[in-house]
Amino acid sequence: MANRLQFENNCDIGVFSKLTNAYCMVAIGGSEGFYSEFESELSGVIPVVKTSIAGTRLVGRLCAGNKNGLLLPHTTTDQELQHLRNCLPDQVVVQRIEEKLSALGNCIACNDHVALTHTDLDRETEEIIADVLGVEVFRQTIAGNILVGSFCALSNRGGLVHPHTSIEDLDELSTLLQVPLVAGTVNRGSEVIAAGMIVNDWTAFCGLDTTATEFSVIESVFKLRDSQPSVIVDEMRKSLIDSYV
Amino acid sequence: MPRRPTRHQRLKSWPITFSPFGRALARMGSVYMPKCHSESIENHTPSSASNGFIKHPLDEKPDGSESSDGEFDGVVQADFAFFDPKPNDFHGVKTLLQTYLDVEEWDLSGFVDLILEQTTVGTVVKVEDDEDEGIFALVTALNLRRYREQKCIIQLKDHFLAKASQEKGVADQLRLLLGEQAHDVGLLVSQRVVNLPPQLLPPLYDSLFNEVSWATEDEPTEDLRNSFRFKHYVMLSKIYKHKHAEQNRKLGDDSVEAIVYAKPEDEIFHKLSSWSFYFPLRSEQPAPHEA
């Protein structure tokens, strides 16, 4: 199920929060209402962690992660790194990387299997992404924009990309990512998809300005209508147990 | 028409609208080196992500030459034009009004919709033929009784009354104004980017008051015509107040003003107003990394 909310009158919630299948990070300093929306939806299923990154509230845009790991920019402080390592589940590898493009959330779009990255990312960073996040990495652009992390929102079940993406690009990306893709907008016509919404396999949060049409597109492409968190988490748990056997 | 209360707040900082004009000014002043260019993009996009107007900066590569020392010695030519509010202006106007009620969470989108629907009175300043359609200034007057049912107006009134309750006597006058006398009261909303040329201001305000008087004749129904016959205007305005103003005066330092107005015309409005009151802003300073 998808929900609408805002952070201090700002509908760009994807800037102030990050959502994956294993954890959720929220910026400190927002109202308790913002935090409690996440708690009410996610508590008991995955941990909701309040944090800052590099002393800022822009947690959604500065870090990139999935259920396997979390990548932080070199500007992250030691306390923040330690706090995240403590609060996140043990199977999530938290790593701080030396990369000059420090807004990792804008440069990397990923789900649990595949990642799209900025074309100018370092080779080493690409290897670290493949290693820590356990994904296959592709250097791509979306509608001519190299900030792939900003212009698409990706989950294991679907993806929403910049509205000006051509049909050929959509097909190509869909083949690479192996998920259905739709070109659309969020927050009443905003093209910066990842700033306006966050999504994982069973839930999504959009800015308050998102229209009913945009909302229904999101619910359909990410297949959120009849999804329950327990189903997904149980599937994950079964596969974890298998690995011990 | 006599203008009524002007409200003042101590300001933390003026919101900077990330507009193409502002970008052009910033580009003129920055040092260009191809390597640093991509770095600066990354640091900008988190804060500009909220605007929705990201035109990818790499499209406009510098001419290959480095400008020296970051000295701003260029002049940017721009033709500003006044337009009636249109539904397309939603994002620009919303950005300008982001901090209108400080950190309070309220129906800002509804308020912006209200302003954009009122095409007869209200002006939006844009650059002529600009594809980005960045909004540089907004000015409008809303009749408080006409929109009294709207959630945003109710929240606004409650906010004002809550702030006024700390000052004796003011709260009652304000309640009267917002309640019984609401049909005569116009809320004057005026916001703009910091660096807008001040030469635009007299025509901007002239056009607002002209539109109000034309509306009293041109509106289709009697009700609407009357709704623009304002007897009072109410304005919310941000100021800086010197904490140690008295001390400075004693030391003979008269050059330091006790109150600094964020918008210069507010000083004139304040002098001409019937009454006003001050209340402090609650917001914190943003961290230095955030623009």
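Everything below is about the structure shown above.
Before going into details, it helps to say that this report is about the structure given with it. Because the structure is predicted, anything quoted here is derived from the model rather than measured.

1. Topic: the overall build of chain B
Of regular secondary structure, chain B possesses 10 helices and eight strands. Counting all 291 residues of chain B, 47% fall into the buried class. Taking as baseline every contact in chain B between residues at least 6 positions apart, the subset at least 24 positions apart corresponds to 78%. Accessible area for chain B stands at about 15200 Å²; split by element, carbon and sulfur atoms hold 52% of it.

2. Details of the packing of aromatic side chains
All names here are of chain B. Evaluation of the coordinates by the stated rule reveals 13 aromatic pairs over all chains. Between Tyr100 and Phe111, the ring centres sit 5.7 Å apart and the planes meet at 20 degrees, which makes this aromatic pair stacked. With Tyr100 in the loop between α3 (90-96) and α4 (108-117) and Phe111 in helix α4, this pair connects stretches of sequence that are 11 residues apart. Across the pair, exposure class does not vary: Tyr100 and Phe111 are buried alike.

3. Section: the nonpolar core
Counting 69 residues, the largest nonpolar core has Phe38, Leu42, Leu70, Ile108 and Ile129 of chain A as its most contacted members. Once residues lying within four places of it in the same chain are set aside, the contact partners of Leu42 of chain A are Leu19, Cys24, Val48, Trp202, Thr203 and Phe205 of chain A. Membership of the second largest hydrophobic core comes to 61 residues, among which are Leu96, Tyr147, Leu161 and Phe279 of chain B.

4. A look at the sheet that holds strand β5 (residues 64-65) of chain A
Residue and element names in this part refer to chain A. One open sheet accounts for three strands, arranged β5-β6-β7; its pairing is mixed. The sheet is open, and its two borders are formed by β5 and β7 (93-96), each paired with just one other strand. Across two bridges, β5 lies against strand β6 (residues 69-72) in antiparallel orientation. Across the sheet, the residue bridging to Gly65 is Leu70, located in β6. Contacting β6 and β7, helix α6 (residues 123-132) crosses the sheet at an angle of about 155 degrees to β6.

5. Some details on a negative patch on the surface
Residue and element names in this part refer to chain A. On the surface, Asp122, Glu124, Glu127 and Asp131 cluster together to form a negatively charged patch. By the secondary structure assignment, Asp122 is in the loop between β9 (114-117) and α6. A residue is classified by how much of its surface remains accessible, and Asp122, at 30% relative accessible area, is partly exposed.

6. Comments concerning the sheet that holds strand β10 (residues 136-139) of chain A
All names here are of chain A. An order of β8-β9-β10 is seen for the three strands of this open sheet, with the pairing classed as mixed. Each edge of the open sheet is held by one strand with a lone partner, namely β8 (108-110) and β10. Across the sheet, the mean angle separating the axes of adjacent strands is 20 degrees when strand polarity is ignored. Where β8 meets β9, three bridges bridge the pair, whose relative direction is antiparallel. Residue pairing for β9: Cys110 is matched across the bridge by Ala115. Taken strand by strand, α6 contacts β8, β9 and β10, and its axis lies near 145 degrees from that of β10.

7. Details of helix α6 (residues 170-178) of chain B
Think of an α-helix as 3.6 residues a turn; residues three or four steps apart then line up on the same face. Every buried residue of α6 of chain B is accounted for by Val170, Ala171, Leu174, Leu177 and Leu178 of chain B. The buried residues of α6 of chain B all sit within an arc of 125 degrees when viewed along its axis, so they share a single face.

8. Considering the pattern of salt bridges
Residue and element names in this part refer to chain A. The tally for this structure, following the rule as stated, stands at 16 salt bridges over all chains. Between Arg123 and Glu126 there is a salt bridge whose closest N-O contact spans 3.4 Å. Within this pair, Arg123 and its partner Glu126 are both found in helix α6, separated by three residues, close to a single helical turn. Given the relative accessible area of 59%, Arg123 is considered exposed. Among the ionic contacts, a cluster of salt bridges with common partners joins Arg123, Glu126 and Arg139.

9. Focus on the environment of Ser155 of chain A
Residues and elements named next belong to chain A. In this fold, Ser155 is placed in the loop between β11 (152-154) and β12 (159-161). Among the residues examined, Ser155 registers a relative accessible area of 3% and is labelled buried. When the C-alpha atoms of Ser155 and Val199 are compared, they prove to be 6.5 Å apart, with 44 residues separating the residues in sequence. Ser155 has contacts with Asn111, Val179, Val199, Asn200, Asp201 and Phe222, leaving out every residue within four places of it along the chain.

10. Focus on the packing of helix α5 (residues 151-164) of chain B against α6 of chain B
All names here are of chain B. Look at α5 against α6: their axes get within 9 Å of each other, and the N-to-C directions meet at 165 degrees. Considering the angle they form, α5 stands roughly antiparallel to α6. With respect to the hand of their crossing, α5 and α6 are arranged in right-handed fashion. Packed against α5, whose contacting residues are Lys157, Phe160, Leu161 and Ala164, the element α6 presents Val170, Ala171, Leu174, Arg175 and Leu178 at the interface.

11. Structural notes on the pairing of strand β4 (residues 48-51) of chain A
All names here are of chain A. Relative to β4, strand β3 (residues 24-27) is paired through four bridges, and the arrangement is parallel. Note that in β4 the partner of Val26 across the bridge is Lys50. Remark: the β3/helix α2 (residues 32-42)/β4 crossover connection has right-handed handedness.

The rules behind the values
Residues numbered from 1 in each chain as written. Chains lettered and ligands numbered in written order. Predicted model: local features only at pLDDT ≥ 70, side-chain atom pairs only at ≥ 80, totals over all residues. Heavy atoms only, no water. Helix = DSSP H or I, 4+ residues; strand = E, 2+ residues; numbered from the N terminus. Buried < 20%, exposed > 50% of the residue type's maximum accessible area, 1.4 Å probe, protein only. Contact = heavy atoms within 4.5 Å. Areas by Shrake-Rupley, 256 points an atom, 1.4 Å probe, with all protein chains shown as cover. Phe/Tyr/Trp six-rings, centres within 6.5 Å; stacked < 30°, edge-to-face > 60°. Core = buried A, V, L, I, M, F, W, Y, C linked by side-chain atoms within 4.5 Å. Pairing = 2+ DSSP bridges. Axes fitted to C-alpha atoms, helices over the stretch in contact; angles between N-to-C directions. Patch = residues over 30% accessible without salt bridge, like charges linked within 9 Å, V, L, I, M, F, W, Y side chains within 5 Å. Salt bridge = Lys/Arg side-chain N within 4 Å of Asp/Glu carboxyl O. Lys, Arg positive; Asp, Glu negative; His and termini not counted. Charge placed at Lys NZ, Arg CZ, Asp CG, Glu CD. Arc of directions from axis to C-beta. Parallel < 35°, antiparallel > 145°, perpendicular 65-115°, else oblique. Left-handed = near helix turned anticlockwise from the far one by under 90°. Right-handed = clockwise from strand over helix to strand, strands pointing away.

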